[in-house]
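Structural overview
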Amino acid sequence: MKGAVPFAVLAVALLAMMAVGEYYVYCSGAFEYTSEAEWKDGRFVYSVSSSGSDAYSVVVMDGAAVPRELCIFVDETYDDNVDEARKVTVLNHFSQRYYAEQIQKQLALRSYTNVSLEESGGFSKHILDTMGDAEGRAVLVVSCSLPSSIYTGNPSDPIIEWAKAGGTVYWVGSEPGRFYTDSTGLKEVPSGQELFLGAECVYIGPSERASQKVDNGFGDALILKNSDIAFAVDVSVLDNALAMGFSRDGHSTVGMVPLGLGEVCVVSGAFSIEQMEDVAQLIASGASCGSSVERTESGKVVRSTCTGEISAEAGSTLYINIGGTYLKHGAAYHA
């Protein structure tokens, strides 16, 4: 028919319109999400606002403490060493910097912005410079190895002492402490699990999905999604450790393990959006191995502001989620 628009042209136009629409929704600030909370007289008085229609939830936790800063290790030697590491363990190849940048963006959605990204030299310097003031600080390791300047497989290594002094080490995507890197390449540490976790307790095998939720309230309260148990921790063999998320054959997708005055938090699985979101939720909420879920509330906010009150003890933390499964805003508040 004369004047008909070819199907291919229509398809291209439709894709362009979808792309513009996605940009408008996710990048242009078309929707706004905010929250506020104040603790007084034994309760949090909170408000949540959305210019759309969204589910929201609030959780009161005891023993939670949001890190005052986070340093993410971006290992510039990863690509050179991952194939060597794969000869003795199972690993997924991924971009160190991309993962770190995505975590940074996920944390920003949750109102957490005190984040730095450091390669080997800067990361080692950070550990050494903050050794005397580690309490309340956190680092995230997304590599399978650590620089030899802070770790060589000895109990007195700087990163071990840093954690014992009160720092928190978040570890994703590999077996904690298995390798370090020096000027000659990758080196293996057979006892790395014991140094970081206190025992051989990490699942080493292919990715498997867990369907059972850990029954302590954290999975629902923090909307934890990742169910891949690759490198998951069996906390049952450890003292005072805490499991979260999903579990299979005793191994949980989140394992929080005390180490001196600090702790090591292992998040299992392949590098996926679900894992990234869980890591961001754990950091931004301040959940730790000494935490417990005290109470939760949920509701829906539709182009307005909703207010509420929830009882809480002094020293507790309120964490707010807006968006439900697809989180759009998070924030932590302290009593």
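Conventions used here
- Residues numbered from 1 in each chain as written.
- Predicted model: local features only at pLDDT ≥ 70, side-chain atom pairs only at ≥ 80, totals over all residues.
- Heavy atoms only, no water.
- Helix = DSSP H or I, 4+ residues; strand = E, 2+ residues; numbered from the N terminus.
- Rg over C-alpha atoms; globule rule 2.2 N^0.38 Å.
- Buried < 20%, exposed > 50% of the residue type's maximum accessible area, 1.4 Å probe, protein only.
- Pairing = 2+ DSSP bridges.
- Salt bridge = Lys/Arg side-chain N within 4 Å of Asp/Glu carboxyl O.
- 1 Å grid on protein atoms, 1.4 Å probe; cavity = no way out; pocket = protein on both sides within 12 Å on 5 of 7 lines; lining within 4 Å.
- Points joined across faces, edges and corners; volume = space filled by probe spheres on them.
- Nonpolar A, V, L, I, M, F, W, Y, C, P; charged D, E, K, R; others polar.
- Core = buried A, V, L, I, M, F, W, Y, C linked by side-chain atoms within 4.5 Å.
- Contact = heavy atoms within 4.5 Å.
- Axes fitted to C-alpha atoms, helices over the stretch in contact; angles between N-to-C directions.
- Arc of directions from axis to C-beta.
- Phe/Tyr/Trp six-rings, centres within 6.5 Å; stacked < 30°, edge-to-face > 60°.

**Things to note about the overall build of the protein chain**
Along the protein chain, the regular secondary structure elements total eight helices and 16 strands. Over its C-alpha trace the protein chain gives a radius of gyration of 22 Å, about what one expects of a compact globule, namely 20 Å for 335 residues. When the backbone C-alpha atoms are referred to their principal axes, the protein chain occupies close to 70 × 65 × 40 Å. When burial is assessed residue by residue, the protein chain has 52% of its 335 residues classed as buried.

**What to know about the pairing of strand β12 (residues 251-259)**
Of all the nine residues making up β12, eight are buried; the element is thus mostly covered by neighbouring parts of the structure. As paired strands, strand β11 (residues 242-248) and β12 are joined by five bridges and run antiparallel to one another. Looking at β12, one finds that methionine 244 is bridged to valine 254. A loop of two residues connects β11 with β12, the two strands running antiparallel in sequence, and aspartate 249 in this loop sits at a positive phi of about 50°. Of the pairings in the sheet, the one linking β12 to strand β13 (residues 262-267) comprises six bridges and is antiparallel in character. In the strand pairing of β13, leucine 259 is matched with glycine 262. What sits between the antiparallel neighbours β12 and β13 is a turn of two residues, in which glycine 260 has the positive phi angle 60°.

**Some remarks on the pattern of salt bridges**
One pass over the full model with this rule turns up 15 salt bridges. Several salt bridges share partner residues, and in doing so they unite Arg68, Glu69, Asp133 and Arg137 into one network.

**Some remarks on the layout of surface pockets**
Looking at the second largest pocket, its volume works out to about 320 Å³. Among the secondary structure elements, those contributing two or more residues to the lining of the second largest pocket are β5 (137-141), β7 (168-172) and β13. Broken down by element, the lining of the second largest pocket gets its largest block of residues, three residues, from β13. When grouped by side-chain class, the residues that make up the lining of the second largest pocket number 10 nonpolar, seven polar and three charged.

**A closer look at the environment of glutamate 36**
Structurally, glutamate 36 can be placed in strand β1 (residues 33-40). Taking relative accessible area as the criterion, glutamate 36 reaches 58% and is therefore assigned exposed. Separated by 114 residues in sequence, glutamate 36 and isoleucine 150 have C-alpha atoms that sit 40 Å apart.

**Quick notes on the nonpolar core**
Grouped together as the largest cluster of nonpolar side chains are 79 residues, with contacts concentrated most on Leu70, Phe123, Ile159 and Phe196. Contacts of leucine 70, omitting those with residues within four sequence positions, involve Leu107, Tyr112, Asn114, Val115, Ser116, Ala138, Val139, Leu140, Tyr170 and Ile283. Formed by 16 residues, the second largest nonpolar core is a distinct cluster that contains Phe44, Tyr56, Val58 and Val301.

**Comments concerning the sheet that holds strand β6 (residues 145-147)**
Ordered by their spatial adjacency, three strands build an open sheet running β6-β8-β9, and the pairing between neighbours is mixed. The sheet is open, and its two edges are formed by β6 and β9 (185-188), each paired on a single side. Neighbouring strand axes in the sheet, compared pairwise and without regard to direction, differ in orientation by 35° on average. Packed onto the sheet, helix α2 (residues 78-85) meets β8 (179-182) and β9 and runs at close to 40° relative to β9.

**With respect to unusual backbone geometry**
Positive phi outside glycine occurs at phenylalanine 231, with the angle close to 70°. Here phenylalanine 231 shows up in the loop between α7 (218-221) and β11. You will see that asparagine 240, though not glycine, has its phi angle at about 60°, which is positive. Locating asparagine 240 in the fold gives a position in the loop between α7 and β11.

**Comments concerning the side chain of serine 247**
When you line up the elements, serine 247 lands in strand β11. Not counting residues within four places of it along the chain, the set of residues in contact with serine 247 comprises Ala210, Ser211, Gln212, Val214 and Ser252.

**Focus: helix α4 (residues 120-129)**
Listing the buried residues of α4 in full gives Ser120, Phe123, Ser124, His126 and Ile127. One face of α4 carries all of its buried residues, which in axial projection span an arc of 155°. Across α4 from its buried face, at more than 90 degrees, point the exposed residues Gly121, Lys125 and Asp129. Residues of α4 that are buried in the fold lie against β3 (69-73), β4 (115-118), β5, β6 and α5 (158-164).

**Focus on empty space enclosed by the protein**
Applying the stated criterion across every chain yields a total of one cavity of 30 Å³ or more. Considering the residues around the largest cavity, the lining is formed by Tyr78, Leu91, Asn92, Phe94, Val142, Ser143, Cys144, Val172, Gly173, Ser174 and Phe271. Split into classes, the residues belonging to the lining of the largest cavity amount to seven nonpolar, four polar and no charged.

**Quick notes on the packing of aromatic side chains**
Pairs of aromatic rings are described using the distance from one ring centre to the other and the angle between the two planes. Taken as a whole and assessed by the stated rule, the structure comprises seven aromatic pairs. Here the aromatic rings of phenylalanine 73 and phenylalanine 123 are separated by 4.7 Å at their centres, their planes lie at 20°, and the arrangement is stacked. Residue phenylalanine 73 is found in strand β3, and its partner phenylalanine 123 is found in helix α4; the two are separated by 50 residues along the sequence. For the pair formed by phenylalanine 73 and phenylalanine 123, the shared burial category is buried. Ring pairing ties together the aromatic residues Tyr78, Phe94, Tyr99 and Phe271, which thus form one cluster.

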